[in-house]
Amino acid sequence: MSAPTSRPRPLAHAPVVLRDGQWWLVGRAGSIPASDSAFTTVLDDFAQAMAAADRAVACLVIRQSGSSAPDPGDRR
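Residues numbered from 1 in each chain as written. Predicted model: local features only at pLDDT ≥ 70, side-chain atom pairs only at ≥ 80, totals over all residues. Heavy atoms only, no water.

### Quick look at the environment of Asp36
Following the sequence through the fold, Asp36 ends up in the loop between strand 4 (30-33) and helix 1 (37-68). Considered as a pair, Asp36 and Trp23 are 13 residues apart in the sequence and their alpha carbons are 10.0 Å apart. In this structure the side chain of Asp36 is engaged in a polar contact, spanning 3.1 Å, whose partner is the backbone nitrogen of Ala38. Polar contacts involving the side chain of Asp36 include one to the main-chain amide nitrogen of Phe39, which spans 2.8 Å. (Helix = DSSP H or I, 4+ residues; strand = E, 2+ residues; numbered from the N terminus. Polar contact = N/O pair within 3.5 Å; in protein donor to acceptor, adjacent residues only side chain to side chain.)

Written as structure tokens, this is what we have:
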């Protein structure tokens, strides 16, 4: 039985993928691992910022959909 592998995650339409904790540069001819630590640190930071932005947008959507519903305590 093989160990479970994480699903590759692309980064915001960029030619990079995070696969099993390793960043890969992806092109038409194939992919190669990104080995420059400064570059991969920037990719990690960008991925964290994108995830935080996605969570913030999701919270706004939830807040907006909740505010558009009538308030049951508002009686006229």
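On we go.
### A closer look at the pairing of strand 4
By the bridge criterion, 4 bridges tie strand 3 (residues 22-27) to strand 4 in an arrangement that is antiparallel. Within the sheet, the bridge partner assigned to Val26 lies in strand 4 and is Ser31. The hairpin formed by strand 3 and strand 4 contains 2 residues between the paired strands. (Pairing = 2+ DSSP bridges.)

### Some details on the layout of surface pockets
The calculated volume of the largest pocket comes to roughly 180 Å³. Taken together, Arg9, Pro10, Leu11, Ala12, Leu18, Trp23, Ala47, Met50, Ala51 and Asp54 make up the lining of the largest pocket. For the lining of the largest pocket, the elements supplying multiple residues, two or more each, are strand 1 (9-10) and helix 1. Of the residues belonging to the lining of the largest pocket, the class tally is 8 nonpolar, no polar and 2 charged. (1 Å grid on protein atoms, 1.4 Å probe; cavity = no way out; pocket = protein on both sides within 12 Å on 5 of 7 lines; lining within 4 Å. Points joined across faces, edges and corners; volume = space filled by probe spheres on them. Nonpolar A, V, L, I, M, F, W, Y, C, P; charged D, E, K, R; others polar.)

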